Amino acid sequence: MELRQLEHFVAVAEEQHFTRAAERLAVSQSGLSASVRALEHELMTPLFSRTTRTVRLTEAGAALLVEAERTLAGARAARDAVDAVRGLLRGTLTLGVEQCVAGVSTARLLAAFHREHPHMEIRLRQEGTSSLLEGVAGGRLDLAFAATVSPPEWRGELVPLAREPMVVLCAPGHRFAKEGARVGWGDLHGESFIDFHPDWGPRRAADEAFASAGVRRTVALEVSDVHSLLELVHEGLGIAVVPHHFSRKPEAGGLVAVEPDGTHRPAYESVVVLPPARAMSPGARALMTLVREAPLR
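Residues numbered from 1 in each chain as written. Predicted model: local features only at pLDDT ≥ 70, side-chain atom pairs only at ≥ 80, totals over all residues. Heavy atoms only, no water.

Draft legend 1. Focus on the side chain of S281. Relative to the assigned elements, S281 resides in the loop between β11 (267-274) and α9 (282-291). Of note is the side chain of S281, whose polar atom sits 3.4 Å from the side chain of D142. (Helix = DSSP H or I, 4+ residues; strand = E, 2+ residues; numbered from the N terminus. Polar contact = N/O pair within 3.5 Å; in protein donor to acceptor, adjacent residues only side chain to side chain.)

Draft legend 2. Molecular detail of the nonpolar core. Membership of the largest hydrophobic core comes to 43 residues, with the highest contact counts inside it found for L143, F145, L188, V272, L287, M288 and V291. Breaking this core down by element, the ones donating at least two residues are β3 (91-97), α5 (106-116), β5 (143-147), β6 (157-170), α7 (201-213), β11 and α9. With six residues, the single largest contributor to this core is α9. What V272 contacts, discounting residues up to four positions off in sequence, is L143, A144, F145, E157, L158, V159, L161, M288 and V291. Judged by nonpolar contacts, the second largest core, of 19 residues, contains V10, A13, L47 and L72. (Core = buried A, V, L, I, M, F, W, Y, C linked by side-chain atoms within 4.5 Å. Buried < 20%, exposed > 50% of the residue type's maximum accessible area, 1.4 Å probe, protein only. Contact = heavy atoms within 4.5 Å.)

Draft legend 3. Looking closely at helix α8 (residues 226-234). Turning to α8, its buried residues are V226, L229, L230 and V233. Down the axis of α8, the sector holding all buried residues measures 95°, keeping them to one side. The inward-facing, buried residues of α8 abut β6, β7 (192-196), β8 (218-223) and β9 (240-243). Regarding α8, its N-cap is D225, as a side-chain oxygen of that residue lies 3.3 Å from the backbone nitrogen of H227 further along. Remark: G236 follows α8 within two positions and exhibits a positive phi of approximately 75°. (Arc of directions from axis to C-beta.)

Draft legend 4. Spotlight on the pattern of salt bridges. In this structure the tally under the stated criterion is 14 salt bridges. The shortest N-O distance in the salt bridge between R4 and E2 comes to 2.9 Å. Ionic pairing is found between R217 and D207, a salt bridge with its closest N-O pair at 2.9 Å. Placement of R217 in the loop between α7 and β8 and of D207 in helix α7 is noted, with a sequence separation of ten residues between them. Owing to a relative accessible area of 30%, D207 belongs among the partly exposed residues under this scheme. Connected via shared salt-bridge partners are D195, R203, D207, R217 and E222. (Salt bridge = Lys/Arg side-chain N within 4 Å of Asp/Glu carboxyl O.)

Draft legend 5. Summary view of α5. For α5, the complete set of buried residues consists of T106, L109, L110, A112 and F113. Projected onto a plane normal to the axis of α5, the buried residues spread over an arc of 160° and lie on a single side. Seen from the buried face of α5, the exposed residues on the opposite side, beyond 90 degrees, are A107 and R115. Contact partners of the buried residues in α5: β3, β4 (120-126), β5 and α9.

Draft legend 6. Quick look at the environment of A13. Mapped onto the secondary structure, A13 falls in helix α1 (residues 3-15). With 224 residues separating them along the chain, A13 and L237 place their C-alpha atoms 39 Å apart. In this structure, A13 is in contact with F48, L57 and L65, ignoring residues within four places of it in sequence.

Draft legend 7. Structural detail: the packing of aromatic side chains. Scanning all chains against the criterion turns up five aromatic pairs. Ring centres of F9 and F48 lie 5.4 Å apart, and the angle between their planes is 50°; on these two criteria the pair is classed as tilted. With F9 in helix α1 and F48 in strand β1 (residues 48-50), this residue pair connects regions lying 39 residues apart in the sequence. Exposure remark for F9: the relative accessible area of 0% places this residue in the buried category. Here F48 falls in the buried class, since its relative accessible area comes to 4%. Pairing W185 with F210 gives two aromatic rings, centres 5.0 Å apart and planes at 80°, and the pair type is edge-to-face. With W185 in the loop between β6 and β7 and F210 in helix α7, this pair connects stretches of sequence that are 25 residues apart. (Phe/Tyr/Trp six-rings, centres within 6.5 Å; stacked < 30°, edge-to-face > 60°.)

No statement about biological role is implied by the geometric values presented.
What follows is the structure, given as structure tokens:
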């Protein structure tokens, strides 16, 4: 079993398509297929269930994927460690990030990293918190910027980035938008809500807040990006419970943000998710040096 075969296998698993995987790796499709077949022959079991339209992992393939990602991450870490001793930072830094995570400017951070380490290839993956945790744990990601991670979910290191209140965001014509209005958790019962998919940090924080307050709610409109959420709130199609910094975005101009009143004060927290110290790649260590610099926070 060769690292090249594992790289081919992982690419097909992620793309769920042989042609796209071949294009991503810049190899011929026939060569990629032959490499995967050779791996299946060596392991004496099919790794993919193939049809004319789909390519899906078999049970054996799913088991191999976890170990293949870990093996490839270890190989990259070994190469990076040697380069670091030589005073070079080469290889790949793979970063995962939640959408609009608070406490760090991802664009400025990566631009500064690229200026300091131009030979490092940067890969960015935008995913929900659960996927980010799995990515760091499995070695698919070097580190991640996530939100609202509870200690039982992650036994490794969590570096705090920001903490801010959650607010109720509504259109100017909504009853909560009246000057001096106070909004208690009980007042939110029966409202129509706009929110993100359950894996996104702001949704997780809102769900936990409603559960703590003992208030049931219905998310009528579920979106996957901030701009869509703000646009729907503008149109009066519902209200949203979001981190306070969302209300300061230019697209939120004209909307009204009200902090919930009462004993339950929901908070949104963002953190850096790191693997165990011994497993951190040189690229991840270099990025964390920049994360701790105030101008990039």
